[in-house]
Amino acid sequence: MPRKMNKKEKEDFRKQLAAKKESIIRKLSQTITESKEMESNVAQDLVDKAETSYTKEFLLSLSDGEREQLLLIDEALKRLEHSEFGVCQLCQKEIGGKRLEAIPWTPYCIDCQEKAEEELKAQ
Ligand SMILES: [Zn+2]
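Here is what the cut-offs are and how they apply
Residues numbered from 1 in each chain as written. Predicted model: local features only at pLDDT ≥ 70, side-chain atom pairs only at ≥ 80, totals over all residues. Helix = DSSP H or I, 4+ residues; strand = E, 2+ residues; numbered from the N terminus. Buried ≥ 20, exposed ≤ 12 C-beta atoms within 10 Å, placed from the backbone. Contact = placed C-beta atoms within 7 Å. Core = buried A, V, L, I, M, F, W, Y, C linked by C-beta atoms within 7 Å. Expected span 1.5 Å × (residues − 1). Arc of directions from axis to C-beta.

K.L.:
With reference to specific residues and values, describe the overall build of the protein.
P.N.:
When you go through the protein residue by residue, the secondary structure sums to 6 helices and 0 strands. Listing the helices and strands of the protein from first to last along the sequence gives α-α-α-α-α-α. Here the protein holds 123 residues, and the buried ones make up 17% of them. Within the protein, contacts between residues separated by at least 24 positions form 48% of all contacts whose residues are at least 6 apart in sequence.

K.L.:
Explain the nonpolar core to me, using residue names and the numbers behind them.
P.N.:
In terms of nonpolar packing, the biggest core is built from 12 residues, these being Phe-13, Leu-17, Ile-25, Leu-28, Ile-32, Ala-50, Leu-62, Leu-70, Ile-73, Ala-76, Phe-85 and Trp-105. Elements with a contribution of two residues or more to this core: helix 1 (7-35) and helix 4 (64-81). When residues in this core are grouped by element, the largest group, 5 residues, is from helix 1. Excluding its chain neighbours within four sequence positions, the residues that come into contact with Leu-17 are Ile-73, Ala-76, Leu-77, Pro-104 and Trp-105.

K.L.:
Can you break down helix 6 (residues 110-122) residue by residue, with the values?
P.N.:
Its 13 residues place the ends of helix 6 18 Å apart at the C-alpha level, agreeing with the 18 Å of an ideal helix rising 1.5 Å per residue. Counted residue by residue, helix 6 has 0 buried out of 13 residues, so it is predominantly exposed.

K.L.:
Could you give an account of the environment of Ala-18, with specific residues and numbers?
P.N.:
Relative to the elements of secondary structure, Ala-18 occurs in helix 1. Judged by C-beta crowding, with 12 C-beta atoms within 10 Å, Ala-18 ranks as exposed. Between the C-alpha atoms of Ala-18 and Leu-77, which are 59 residues apart in sequence, the distance is 8.2 Å.

K.L.:
I'd like a description of helix 4, backed by residues and values.
P.N.:
For helix 4, which comprises 18 residues, the first-to-last C-alpha distance of 26 Å matches the rise-based estimate of 26 Å (1.5 Å per residue) to within 8%. Taken together, the buried positions of helix 4 are Leu-70, Ile-73 and Ala-76. Each buried residue of helix 4 sits inside an arc of 125 degrees when the element is viewed along its axis, so together they form one side. Summarising the geometry of helix 4, the exposed residues directed more than 90 degrees from the buried face are Asp-64, Glu-68 and Lys-78. Ser-83 occupies a position one or two residues after helix 4 and carries a positive phi of about 55 degrees.

K.L.:
Please give an account of the environment of Leu-77 that cites residues and values.
P.N.:
With respect to the helices and strands, Leu-77 occurs in helix 4. The exposure class of Leu-77 is partly exposed, given the 17 C-beta atoms found within 10 Å. Taking the C-alpha atoms as reference, Leu-77 lies 9.7 Å from Lys-15; in sequence the two are 62 residues apart. Ignoring anything within four residues of it in the chain, the contact list for Leu-77 reads Arg-14 and Leu-17.

Here it is in structure tokens:
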């Protein structure tokens, strides 16, 4: 069984995840405003909505990598609430502390991640 995280550790991860999420959303609003493809109030509206739920327009305006990361962050936040955070979603083993610190939103342990990447390369 993976060790239980204490309240403080959980809170730290929650803060890290929330900050990362906010930075993706903010970066996006900047990109939209700078490109002037959209009125800035429309861009702001999109960002405001993104704080609670993602509209199709919002998701479409993200790059694939950002969209994937945002969804991973949301899933990690859900796992934190259900005390499943830090457990590999494939093999159910504990994800290493260093790995979690570097990539708190990762759903997989290093072994499963490497296996998945090898399989992708083999395709
Ligand atoms: Zn694993």
